[in-house]
Amino acid sequence: GFGYALVPLYDVFCDITGLNGKTGEITVSEASTLTVDTSRLVTVEFDTNVSSKLPWEFRAEKRTMKVHPGEVNEAIFYASNLADHQITGQAVPSVAPAKASLYFNKTECFCFSQQILSSGETKQMPVRFVIDPALPESVELLTLSYTFFAAPESVVQAPVTVTDKPSS
């Protein structure tokens, strides 16, 4: 719980400093304005991890992809809840090497929101990303890593009952 509570602070720190491999987020329209560099291929490896306190399995459909900078790509991930009850998880991403994180942008990601899985449920989760063509030529391989953590229990509010006002 304490580690999960530090995520917002970690996000602010990474936004300010650019450290620790946090990825960027861009809109689909921004991604479509990038020029695709077809003369170059970058290998993207996918690393999946689950906190020891979260009874989930989590994997990438493919372990690696070769992509052209500037091209929008999609990677598929799967998460399965092995517990006998519903659990909410949150994925925390990072990119290595850290300097590559400045050029790795997502247009869609399951990490943008919490994921709710019922007991025994498996969910397919896409990530759409683009590597900025300005990525230094020396970077030919990068690793996109996700770690899923259990989200703190949501506050459940009692249902609100709307009643008719008495007529006067």
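Structure first, text after, so check above.
Throughout this document, residue positions are counted from 1 along each chain, in the order its sequence is written. Restriction of local features to residues with pLDDT of at least 70 applies here, the model being predicted, together with a cutoff of 80 or more for giving and counting side-chain atom pairs; totals for whole chains, interfaces and linings are based on all residues. Just so you know, side-chain values use all the structure's heavy atoms and leave hydrogens and water out.

**Topic: the nonpolar core**
Link 1 in the chain: In plain words, nonpolar cores are sets of buried Ala, Val, Leu, Ile, Met, Phe, Trp, Tyr and Cys residues tied together by side-chain atoms within 4.5 Å. For every residue, the accessible area obtained with a 1.4 Å probe (protein chains only) is divided by the maximum for its type, and the residue is called buried under 20%, exposed over 50%, and partly exposed between those limits. By size, the foremost hydrophobic cluster in this structure holds 32 residues, and its most contacted members are V44, F46, F77, F110, F129, I131 and Y146.
Link 2 in the chain: Counting only elements with at least two residues in this core, the list comes to strand 2 (42–50), strand 3 (56–60), strand 4 (64–67), strand 5 (72–81), strand 6 (87–96), strand 9 (122–131) and strand 10 (141–150). Where helices and strands are cited, they refer to DSSP runs of H or I of at least four residues and of E of at least two residues respectively, numbered from the N terminus.

**Description of the pattern of salt bridges**
A side chain with one charge may pair with a side chain of the opposite charge, provided their charged atoms come close.
Link 1 in the chain: One side-chain nitrogen of Lys or Arg within 4 Å of one carboxyl oxygen of Asp or Glu is enough to make a salt bridge. Here the structure, examined in full by the defined rule, presents 3 salt bridges.
Link 2 in the chain: With a closest N to O distance of 3.9 Å, R40 and E137 form a salt bridge. Taken as a pair, R40 in the loop between helix 3 (28–32) and strand 2 and E137 in the loop between strand 9 and strand 10 lie far apart in primary sequence, 97 residues in all.
Link 3 in the chain: A residue is classified by how much of its surface remains accessible, and R40, at 8% relative accessible area, is buried.

**Some points on the packing of aromatic side chains**
Link 1 in the chain: Each Phe, Tyr or Trp ring (for Trp, its six-membered ring) is paired with any other whose centre lies within 6.5 Å, and the angle between the two planes then decides the class: stacked below 30 degrees, edge-to-face above 60, tilted in between. Applying the stated criterion to the full structure yields 11 aromatic pairs.
Link 2 in the chain: For the pair F77 and Y146, a centre-to-centre distance of 5.3 Å together with 80° between the ring planes defines the contact as edge-to-face. Of this pair, F77 sits in strand 5 while Y146 is found in strand 10, placing the two residues 69 residues apart along the sequence.
Link 3 in the chain: A connected cluster of aromatic rings, assembled from ring pairs, spans F46, W56, F58, F77, F104, F110, F129, Y146 and F148.

**Brief notes about unusual backbone geometry**
Link 1 in the chain: The omega torsion across A96 and P97 is 0°, close enough to zero to call that bond cis.
Link 2 in the chain: Note on placement: P97 falls in the loop between strand 6 and strand 7 (104–108).

**Quick word on the state of the cysteines**
Link 1 in the chain: Two cysteine sulfur atoms form a disulfide, by the criterion used here, when they sit within 2.5 Å. Using the criterion set out here, one finds 1 disulfide in the structure.
Link 2 in the chain: What pairs with C109 in a disulfide is C111, and their sulfur atoms sit 2.5 Å apart. Disulfide C109-C111: the torsion about the S-S bond is 130°, which places it as right-handed. When sorted by exposure, C109 lands in the same class as C111, which is buried.

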